[in-house]
Structure formats: structure tokens, C-alpha cells
Amino acid sequence: MPPDDPIARGRVDLACALRQAARMGLAEGVCNHFSFALPGLDDRFLINPQGLHWSEIRAADVLLIDGAGHVLDGPHTVEPTAFFIHARIHRANPRARCVLHTHMPFATALTLLREPQLLPASQTALKFHGRIACDPVYNGLVLDDAEGDRIVAALGDADVLFMANHGVIVAAPSVAWAFDDLYYLERACMLQVLAEGTGRKLRLIDRKVAEHTARQMDAERQQSDLHFAALARELDRLDPMWRRLDAPNPSPVPVARRKARG
């Protein structure tokens, strides 16, 4: 893979994120989606295809699509809700180069509550202090621009969006940073759900300490890159085929439908 090929690099990074999310139990069936807006290529982004389980995705399976949802390069189709969520966020927020949407269990459990707050009760939760927005509205599947724009407005300048009765969105400038946030967000939510399950009162961390710790963590973003590089090495040991850019999986979507959307 040429080191200056942003499409190839992005495909490999997204494949790594998708595979590791599946291994960590953050996926749900063949639903949910990860995307990456390519630097220097306006209105184009990479996204996982419809119908493939994240555990089987290779770099060659990742699609290049435009802002209208047309597949520009890749052997598969794009799932409709993936386009309406991701295209609108990428268009509205240049910093959100990587957008991850999941229904991962512990974070999603918090979105079912009337007040879906991640409380400053664990050190891990402090990583997200002041970085989370909440969308209190659920309107069904995201299948039009208006709903995508509403979600964009709810996310605002935040890095994480708790979507009422639905799931979460994590946005970041790189795939490595977004995945690191996704992983630790689920860990923080898991700790809170487990602690609250005891029925006992949480010991909350002082606001000033929380703010100080959040700044410390933000200054240590190298850890996010190191974490992601380690996850890629783990996949190399498990299945070197995951990096292949010339060997996509057979499409699970019928040929007629793929042509109709082409």
C-alpha cells in the first residue's frame, strides 16, 4: 500500500476498527456503520458496506461514496441509514473526519433512561467530561436528510452523542482517536451500569478534579494512536487477510439491487 494513498490507508483503518469492534462485542448484527471523510477529497468518504458482518470485513470491502450516496468505488452497496447519518455529519462538521455509530450495549442502555448521563464516577468516565451531547428525540429510522440534519444539530460541537432510545455516535479527527473514544466510552458506561445495579449511591468525583483529569487525558492522545496500532497488530496475528485491498468478500446483496443503486 503506497504510504501517500489516503483511500487505501483509510480503508485499512476502517477495516481494523470494524473488526475490532466486532471482537469487543460493540457490533449489532450487520447494522451500524463507521465512516471516514478523506482529507483533500471534498464530499467523499469511506464507509462499511451493507450486509457484511464486521468480523469478516476486509479493507477491499470498504466503500468510497459521495455526498449523494453514490458508490464511487467498491463492490457492495451502502446501507440507507448509514448515508443519511454520516453524510450530513461530515458535511456540517469538518473536524468529524471519522464518525462511528453503534448500538453497543452499555452505552445504549444509558440512552434508554430519561436522563442519559455519563456521570463522573470513574476515572474512565472523565475522559468524556464536557464532551457529550444528548439527543432527547427518537423519530424512528434515519431515512431522510431532515432527520440527518436534526441529528447534526443535536451533536453540535460535541464528540459524542447519546441518541435517545437508539445508540451513540462518536466523532473525531482520525479513525484511531474515534475508535479509542468508542472503546473507552463503552467501558465507562459499563462501569456506571454495573455500579448503579448495586442499588447503592455513586461516589461522584469533584468537578474541579474531573476537569483537571479530562485535560490530562486530552493531552495524552498519543495513547489513542498506540492503542489502535496495537489492535492492528493483533489482527495481523489472527487473520492477515483483513488488510487485503484486492480481495473483497462476495457481495451479500443481490446483483439486481446493486445495479439499481449504482
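Since the model is a prediction, treat every value here as computed from it, not as a measurement.

**Some thoughts on the side chain of Arg221**
On the secondary structure map, Arg221 appears in the loop between α7 (207–218) and α8 (222–238). For Arg221, a relative accessible area of 9% translates into the label buried. A polar contact of 2.9 Å, which involves the side chain of Arg221, links it to the side chain of Asp181.

**Points about the nonpolar core**
One finds Phe34, Leu100, Leu118, Phe162, Phe179 and Leu185 to be the most contacted residues of the largest nonpolar core, which totals 45 residues. At the level of secondary structure, the elements contributing two or more residues to this core comprise α1 (6–23), β1 (33–37), β5 (98–102), α3 (105–111), β7 (160–163), β8 (167–172), α6 (175–196) and α8. Each residue touching Leu100, except ones within four places of it in the same chain, is listed here: His33, Phe34, Val168, Ile169, Val170, Ala178, Phe179 and Leu182. Among the nonpolar cores identified, the runner-up in size contains 24 residues, and Leu63, Ile89, Val142 and Ile169 belong to it.

**Side note on the environment of Asp206**
With respect to the helices, strands and loops of the structure, Asp206 is situated in the loop between α6 and α7. Distance in space between the C-alpha atoms of Asp206 and Leu113 is 24 Å, their sequence separation being 93 residues. A polar contact of 3.0 Å, which involves the side chain of Asp206, links it to the backbone nitrogen of Lys208.

**Describing unusual backbone geometry**
For Asn32, which is not glycine, the phi torsion reads 70° and is therefore positive. By the secondary structure assignment, Asn32 is in the loop between α1 and β1. Under the relative-accessibility criterion, Asn32 is labelled buried at 4%. The phi dihedral of Asn165 falls on the positive side, at around 60°, and the residue is not glycine. Tracing the sequence through the fold places Asn165 in the loop between β7 and β8.

**As for the sheet that holds β5**
What the eight strands build is an open sheet, ordered β4-β3-β2-β1-β5-β8-β7-β6; its pairing is mixed. With one partner strand each, in any of the chains shown, β4 (71–73) and β6 (132–135) form the two edges of the open sheet. Across this sheet, the average inter-strand angle for adjacent strands is 25°, counted without regard to direction. Where β1 and β5 come together, four bridges link them in antiparallel fashion. In the sheet register, Phe34 faces β5, and the bridge partner there is Leu100.

Each value, and the rule that gives it
Residues numbered from 1 in each chain as written. Predicted model: local features only at pLDDT ≥ 70, side-chain atom pairs only at ≥ 80, totals over all residues. Heavy atoms only, no water. Helix = DSSP H or I, 4+ residues; strand = E, 2+ residues; numbered from the N terminus. Buried < 20%, exposed > 50% of the residue type's maximum accessible area, 1.4 Å probe, protein only. Polar contact = N/O pair within 3.5 Å; in protein donor to acceptor, adjacent residues only side chain to side chain. Core = buried A, V, L, I, M, F, W, Y, C linked by side-chain atoms within 4.5 Å. Contact = heavy atoms within 4.5 Å. Pairing = 2+ DSSP bridges. Axes fitted to C-alpha atoms, helices over the stretch in contact; angles between N-to-C directions.

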